[in-house]
Amino acid sequence: MPWPSAIQETLTRVGALMHDFAPIVAVVAIVAGWYLGRVLTGVLGRRVARRFMRPSVTRTVLRLIRTGALGLGVLVAVWSLGLGLGNVVVSVTVFSAVLGLVLAPIVGSVLNGIFVLADQPYEIGDMIEFTDTGQRGFVEDITLRYTKVFTLDNTFLVMPNGEMREANIVNYSAEDERTRCSLTVQVTYESDLPAARSAIERAAATCEEVIEGGPDIRIGSARYPAKPRCYIDEYADSGVNLTLRYWAKQPYRLSAVRSVVQTRIWDEIQAREDVEFAYPHVQHVFDQESGEAKVALRREQ
């Protein structure tokens, strides 16, 4: 038998065999595509990570690789079932046209996801805050459709990328994790103000979570002292308001850092005799035109 005839007969037999076992071949093709996607992501994972350096982009590329391998398996399954490519294209076109209104939000979210990955307003691991609600959390994952945020209240927020682009977000750890904080302390008018300011600065500098000194920190064109600085802020009704400005090394536990700073200031002020905390005082003054005040004294036994 000539070689071309033998090859043609073999292909015919293979085609007939695949037709008989088409459902099984389709299932095997889909499973093989899924497994191929896992193998490719495992082999190419490190190379993709070194190439893009951003976890969000790396995860997106690996997801596309898995989806592409699975899609290839689906195409092989469709071919094994005897469906022509033209029929598949027509069916997909009609299906997309019918569900266009339903798929439009998803398509828009995917486009917004591409913009999020390109603009880089935040990255996986960053601590962000939604200014409208005051919620803070860590970015857990970024996909083409949504962003997952793990809040400080131990809950998950799954936000569509369209809403994430429109939301007002503060990123606390985009480039420099150091965060400037303020704290107001009120002392009496009788206190030694220079001693009070020095004591407050010294108390804050002893906290491990606070930057105790070093070169000035640059923000844009401005420079701010790195060590804690205390300023006279306001002459209030019950005392003098002193405002402490200090830098926290990390933004992840600002409330805890503030509590530690206030505890150190309390201990420092309480140990001094020339500085006192102020608190509201009310003094009633009576003169000849104010009437009479009935006052009783009780002696403690």
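Residues numbered from 1 in each chain as written. Predicted model: local features only at pLDDT ≥ 70, side-chain atom pairs only at ≥ 80, totals over all residues. Heavy atoms only, no water.

**Student:** Got a minute to help me understand unusual backbone geometry in this structure?
**Tutor:** Most peptide bonds are trans, and most residues other than glycine sit at a negative phi. With phi around 65 degrees, Asn154 is a residue other than glycine that occupies positive phi space. Positionally, Asn154 belongs in the loop between strand E3 (146-151) and strand E4 (156-160). Its relative accessible area of 60% is what places Asn154 among the exposed residues. (Helix = DSSP H or I, 4+ residues; strand = E, 2+ residues; numbered from the N terminus. Buried < 20%, exposed > 50% of the residue type's maximum accessible area, 1.4 Å probe, protein only.)

**Student:** Teacher, can you tell me more about the nonpolar core here?
**Tutor:** Across soluble globular proteins, nonpolar side chains show a tendency to be buried alongside one another. Membership of the largest hydrophobic core comes to 27 residues, with the highest contact counts inside it found for Val187, Ile200, Leu244, Tyr246, Val261 and Ile265. Among the elements of the structure, strand E6 (179-187), helix H7 (193-205), strand E10 (240-248) and helix H8 (254-270) are those that each provide at least two residues to this core. At 7 residues, H7 tops the list of elements feeding residues into this core. Not counting residues within four places of it along the chain, the set of residues in contact with Val187 comprises Leu193, Ala196, Gly239, Val240, Leu242, Val275, Glu276, Phe277 and Ala278. Judged by nonpolar contacts, the second largest core, of 11 residues, contains Val116, Ile124, Ile142 and Met159. (Core = buried A, V, L, I, M, F, W, Y, C linked by side-chain atoms within 4.5 Å. Contact = heavy atoms within 4.5 Å.)

**Student:** Is there a simple way to think about H7 in this case?
**Tutor:** Along an α-helix, residues three or four positions apart point the same way, because every turn accommodates 3.6 residues. Here H7 spans 18 Å end to end across 13 residues, near enough to the 18 Å set by a 1.5 Å rise per residue. Buried within H7 we find Leu193, Ala195, Ala196, Ala199, Ile200, Ala203, Ala204 and Ala205. Taken together, the buried residues of H7 touch E6, strand E9 (229-235), E10 and H8. (Expected span 1.5 Å × (residues − 1).)

**Student:** Would you mind showing me how to read the sheet that holds E6 here?
**Tutor:** Strand order in the open sheet made by the 3 strands is E6-E10-E9, with antiparallel pairing throughout. Strands with a single pairing partner mark the edges of an open sheet, and in this sheet they are E6 and E9. For this sheet, the mean angle separating the axes of adjacent strands, direction not counted, is 25 degrees. Alignment of E9 against E10, held across 6 bridges, turns out to be antiparallel. If you follow Ile232 over to E10, its bridge partner there is Leu242. (Pairing = 2+ DSSP bridges. Axes fitted to C-alpha atoms, helices over the stretch in contact; angles between N-to-C directions.)

**Student:** Would you mind going over the sheet that holds E4 with me for this structure?
**Tutor:** In a beta sheet, neighbouring strands pair by backbone hydrogen bonds and run either parallel or antiparallel. Strand order in the open sheet formed by 5 strands is E4-E3-E2-E1-E5, and the pairing between neighbours is antiparallel. Two strands lie at the open edges of the sheet, namely E4 and strand E5 (169-171), each paired on one side alone. If you compare each strand with its neighbour and ignore which way they point, the axes differ by 40 degrees on average. Where E3 lies against E4, 5 bridges are found, and the strand directions are antiparallel. Bridging across to E4, Tyr146 finds its partner in Pro160.

**Student:** Help me understand the packing of H7 against H8 in this model?
**Tutor:** The description of two packed helices rests on the angle between their axes and on the distance between the axes. The geometry of H7 relative to H8 is characterised by a closest axis approach of 8 Å and an angle of 135 degrees between their N-to-C directions. Classed by the angle they form, the pair H7 and H8 counts as oblique. Two packed elements cross with a definite hand, and for H7 against H8 that hand is right-handed. In this structure, H7 contributes Ala199, Ile200, Arg202, Ala203 and Ala204 to the contact, and H8 contributes Val261, Arg264, Ile265, Glu268 and Ile269. Across the contact of H7 with H8, the residue classes tally to 7 nonpolar, no polar and 3 charged. (Parallel < 35°, antiparallel > 145°, perpendicular 65-115°, else oblique. Left-handed = near helix turned anticlockwise from the far one by under 90°. Nonpolar A, V, L, I, M, F, W, Y, C, P; charged D, E, K, R; others polar.)

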